[in-house]
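Chains, contacts and geometry: an overview
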Amino acid sequence: MRYRLYSPLRIWHVFKVLLTLYMLIRKREKFLGLSSLSPQALVETITHLGASFIKLAQVLATRNDFFPAPYLEGLKTLHDELPPMEQAAMERVFGRAFETNPFTAFDNTPIASASIGQVHEAWLDGDTRVAVKLRREGIEQQVKADIRILTAFNRLFRPLFSHYTKHSIEAVITEFSTMIFKEVSLSQERANLTKFAQMYEGMGVRFPAPYEKFSSDDALVMSFEEGFRFDNKHALEAHQIDIRPIIDTLVSFYTEQMLVKGFFHADPHPGNLLISKEGELILLDFGMVKRVPNETRVAIIELLKAANEEDYERFVNASKRLGTVAYDAPVTELAEFTESMFEIFNNDALDSASMQLLAFEVLEKTRNLPFKLPQEAIYILRVSAIIEGLGTTYIENFNGIKDILPILQKNIPRALGAKESILETLIDEFRQLPLDIKAFRETIYKISEESLSVELSKRQLEVIEEKLSSRVSSLSVTIGLMLAAIFLLLYDKSCDTAALFLFGAGVLRLVFIRGSR
C-alpha cells in the first residue's frame, strides 16, 4: 500500500497507530469507542507509514513495561527487517548518487533493508569488497510530512494530558524530529562515522571505513564488515565465543561515550552490533549520534554514585537534576519507590518473570507520581534499555542494577577526570590548586560586598514558570469575571442580578486562590 503524504487514509492510519500506543501504555481496552490494532495490524500499519513511525516504534520497543509480549515481539521486528525499495526506485537513487558507476560488481538484492535506506554488497575492484547504503527515495519529504502530522495530533490532544505528560510528549517529538532529520542525510552519517573512528580508537570496537569520494547524501560507501548479530546466540555458541567480556566491552564503551566524551551512538540495536569470529565487537549505522550536555553527564554520574551507595534520597535528587523527575516531586515517597525497585532487581532468588511482575506492581502504585521524559534523556534511556535487553539474551536475570552498575561504577573516576595513576592525579590537583584558591578568594570577596548571586537551575526555573503561569492564569480569569460584571452593569443597569453573579464568582475564585496557597 502506498500513501500520498497528506492523504486522509494516511492521517487516519497515523491516528490509529497513536491511539493504539496510547491504549497499550495506559492499559485501556477502548478509547472514544475505538479498539486498539492487533499486534500484526500495528506492525503492518507502521511499516506502511514508513521511516518516522518505524523510528518512533523502535524507541518504544525497548520498553518491556509498556507492552504485552505479542506487541513487543512485533515491534522488535521493525529494527532492520523492512521491504526493500522497488527496483526502479533503487536505480533512480543509484543514478543520482553515482554519475558513473564506480563498481566492478554490484548486487541489486540488498543484504539489509531498514527505514532510512538499504545496504548492498559491491566491489570497487577484484579485491575491495564494500557495503553501499542507498537512501530511500523521497524519504526527506516523507519525514517532513510525518513530523507535521505528529505535531498536529499533539496540539489536538495536548489539553487531555497532565502538565508533566505534555512536556514529556513534546520533548519526545522535538528530539525525535531533530534526530530523524539528521539521520536522513548520509553525508552526516559519514561525518559521524569518521569522528567516531578517530575519537574511540583503541576501545576494542571496530568501525567500517568510509570511502569519502564515492559518498553523498544519497549513498554511503564503506568497508564491508562481517560478523554475527549480537543476538545470534546459536552462532556465538557454535563458535565458542564468550559473550561476557563482549558485554563488558560494550558497557565500558558506552560509559566512555556518555560520561567521558559526551558523543554517543544512539541506536545500538542487535542489527547494528556484530561480533566477528574472533570475538571482536563491530558497530554499524551512525545516523543516530547524539551529544550529551555537560550538566546531563554530571547528573548521570551523581545518579550512578547514589545507586552504588544505595543512597535513595540522593538518587531522587540526581534524577531531578537529570530531569526524569519533577523538581517539586516528593523526595521521601520517590526514595521508597526507588528502594523497592532496587530490592527487586538485586534479588538473585527471583527469575526474570517474577522480577517483572513485582516491578509492574510497584510501578502501578506510582502511576500518579510526576515522572518526566526530558529531551536530553530520551536517547540515553533508550540506549540503556537496549543494552540491558541485549544482556538478557545471554545471562539469566541480567539487569542494569545487578550487572551493569558495577561496570559503570569502575568508570566513574575517568568520567570525573581522574588520571590513570595516583601520581598523575596528584600532579593534576596541584596544578589546579592556585585556581581553586583564587576562586575561593573571589567568593569571599563577593559575600563581603553583598554581591554574591545565586543561579537557578533549568529544572528550578521550569517549576517557577509552571507555578507562575498557573497563578497568572487563575488571576486573569478572576479579574475577567469582575470586569465583566462592572461593564455589564454600566451597559445595562437592569442586568444587576447577572452582574452580581459574575462579581460574586470572581470573589469566590479569589478566596479559593488565596486559600490554596
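Residues numbered from 1 in each chain as written. Predicted model: local features only at pLDDT ≥ 70, side-chain atom pairs only at ≥ 80, totals over all residues. Heavy atoms only, no water.

Description of the nonpolar core
Nonpolar side chains tend toward joint burial in soluble globular proteins. Formally: Side-chain atoms within 4.5 Å are what join buried Ala, Val, Leu, Ile, Met, Phe, Trp, Tyr and Cys residues into a set we call a nonpolar core. Partly exposed residues are those whose accessible area sits between 20% and 50% of the maximum for their type, while under 20% is buried and over 50% is exposed, using a 1.4 Å probe and protein chains only. Strands here are runs of E lasting at least two residues and helices are runs of H or I lasting at least four, both read from the DSSP assignment and numbered beginning at the N terminus. Two residues qualify as a contact provided that any one of their heavy atoms is within 4.5 Å of a heavy atom in the partner residue.
Counting residues in each nonpolar core, the largest one holds 62 residues, and the members touching the most others are Phe 196, Phe 207 and Phe 230. Here this core gets nine residues from one element, more than from any other, and that element is helix α10 (residues 243–261). With residues up to four places along the chain from it excluded, the contact list for Phe 196 reads Phe 207, Phe 253, Gln 257, Phe 263, Phe 264, His 265, Leu 283, Phe 286 and Val 289. Within the second largest apolar cluster, 33 residues are counted, among which are Ile 46, Ile 54, Ile 139 and Leu 150.

A closer look at a nonpolar patch on the surface
Let me state the cut-off plainly: Only residues whose relative accessible area exceeds 30% and that form no salt bridge are eligible for patches; like-charged ones are grouped when within 9 Å, while nonpolar side chains (Val, Leu, Ile, Met, Phe, Trp, Tyr) are grouped when within 5 Å. Accessible surface area values rest on a Shrake-Rupley calculation with a 1.4 Å probe, where residue burial reflects the displayed protein chains alone. Salt bridge criterion: a side-chain nitrogen from Lys or Arg within 4 Å of a carboxyl oxygen from Asp or Glu.
There is a patch of nonpolar side chains on the surface, built from Leu 475, Ile 479, Leu 483, Ile 486, Phe 487, Leu 490, Phe 503 and Val 507 and spanning about 740 Å² of accessible area. Those elements that place two or more of their residues in the nonpolar patch are α18 (458–491) and α19 (496–515). Top contributing element to the nonpolar patch by residue count: α18, with six residues. Relative to the assigned elements, Leu 483 resides in helix α18.

Notes on the sheet that holds strand β12 (residues 281–283)
Which entries qualify depends on this criterion: Strand pairing is assigned whenever DSSP identifies at least 2 bridges connecting the two strands. Each axis is a line fitted through C-alpha atoms, and for a helix only the stretch in contact is used; angles between axes span 0 to 180 degrees, taken between their N-to-C directions.
If you walk across this open sheet you meet the four strands as β7-β12-β11-β9, and the pairing is mixed. The strands lining the two open edges of the sheet, one partner per strand, are β7 (205–206) and β9 (228–229). Across two bridges, the pairing between β9 and strand β11 (residues 273–275) is antiparallel. Note on β11: the bridge partner recorded for Arg 229 is Leu 274. Set on the sheet, α10 makes contact with β7, β11 and β12; between it and β12 the angle comes to about 40°.

Points about the environment of Thr 194
Note on placement: Thr 194 falls in helix α8 (residues 186–199). Judged by relative accessible area, which is 29%, Thr 194 ranks as partly exposed. The sequence separation of Thr 194 and Ala 209 amounts to 15 residues, and the corresponding C-alpha distance is 7.8 Å.

Observations regarding the confidence of the model for the protein
Should pLDDT be low for a region, the predicted coordinates there are not to be read in detail. Our working rule: A residue's pLDDT is the confidence the predictor assigns to it, expressed on a 0 to 100 scale.
Of all residues in the protein, 68% have pLDDT values of 70 or greater, and the mean over the chain is 76. Scored below 50 in pLDDT, residues 418–426 makes five contacts in the model with residues more than four places away or belonging to other chains.

Comments concerning helix α11 (residues 294–308)
Applied cut-off: The span expected for a helix works out to 1.5 Å for each residue beyond the first.
Under the 1.5 Å per step criterion, the end-to-end length of α11 is 21 Å for 15 residues, consistent within 8% with the ideal 21 Å. Along α11, the positions that sit buried rather than exposed are Thr 296, Arg 297, Ala 299, Ile 300, Ile 301, Leu 303, Leu 304, Ala 306 and Ala 307.

With respect to the pattern of salt bridges
Enumeration according to the criterion identifies 15 salt bridges in this entry. Across the salt bridge formed by Glu 137 and Arg 92, the nearest N and O atoms sit 2.6 Å from each other. Linking Glu 137 in the loop between β6 (129–135) and α6 (139–157) with Arg 92 in helix α5 (residues 87–97), this pair joins segments that are 45 residues apart in sequence. When salt bridges that share partners are traced, they join Arg 96, Arg 135, Glu 140 and Asp 218 into one network.

Here we look at a negative patch on the surface
Our working rule: When charges are tallied, Lys and Arg are placed among the positive residues and Asp and Glu among the negative ones, while His and the ends of the chain are skipped. Where a charge sits is defined by one atom per residue type, namely NZ (Lys), CZ (Arg), CG (Asp) or CD (Glu).
Taken together, the side chains of Glu 310, Glu 333, Glu 336, Glu 339 and Glu 343 define an acidic patch exposed on the protein surface. The class for Glu 336 is partly exposed, based on a relative accessible area of 49%.

What about the packing of aromatic side chains?
Aromatic ring pairs are described here by two measures, namely the spacing of the ring centres and the angle between the planes. Note the cut-off: Pairing of aromatic side chains requires ring centres within 6.5 Å, counting the rings of Phe and Tyr and the six-membered ring of Trp. Pairs whose planes differ by under 30 degrees are stacked, by over 60 edge-to-face, and all others tilted. Put simply, a charge is over a ring when the Lys NZ or the Arg CZ is close to the ring centre, within 6 Å, and near the line of the ring normal, within 35 degrees.
For the coordinates displayed, the defined rule picks out 15 aromatic pairs. An angle of 45° between the planes, with centres 4.9 Å apart, marks the rings of Phe 196 and Tyr 200 as tilted. The exposure classification of Phe 196 matches that of Tyr 200, with both residues buried. Members of the aromatic cluster, connected to one another through ring pairs, are Phe 196, Tyr 200, Phe 207, Phe 253, Tyr 254, Phe 263 and Phe 286. Here the guanidinium or amino end of Arg 129 rests over the ring plane of Phe 224, the centre of that ring lying 3.9 Å away. Directly above the ring of Phe 263 sits Lys 195, whose terminal nitrogen or CZ lies 4.8 Å from the centroid.

What to know about the packing of helix α2 (residues 39–49) against helix α4 (residues 69–76)
Rules: Roughly parallel here means an angle under 35 degrees, roughly antiparallel means over 145, roughly perpendicular means 65 to 115, and every remaining angle is called oblique. Should the near helix be turned counterclockwise from the far one by less than a right angle, the crossing is left-handed, whereas a clockwise turn marks it as right-handed. Basically, the charged four are Asp, Glu, Lys and Arg, the nonpolar ten are Ala, Val, Leu, Ile, Met, Phe, Trp, Tyr, Cys and Pro, and anything else, Gly included, counts as polar.
Viewed as axis vectors pointing N to C, α2 and α4 meet at an angle of 25°, and their least axial separation amounts to 9 Å. The orientation of α2 with respect to α4, classified from their angle, is roughly parallel. Here the hand of the crossing between α2 and α4 comes out right-handed. In this structure, α2 uses Pro 39, Leu 42, Val 43 and Ile 46 to contact α4, whose residues at the interface are Pro 70, Tyr 71, Gly 74 and Leu 75. In terms of residue class, the contact of α2 with α4 is built from seven nonpolar, one polar and no charged.

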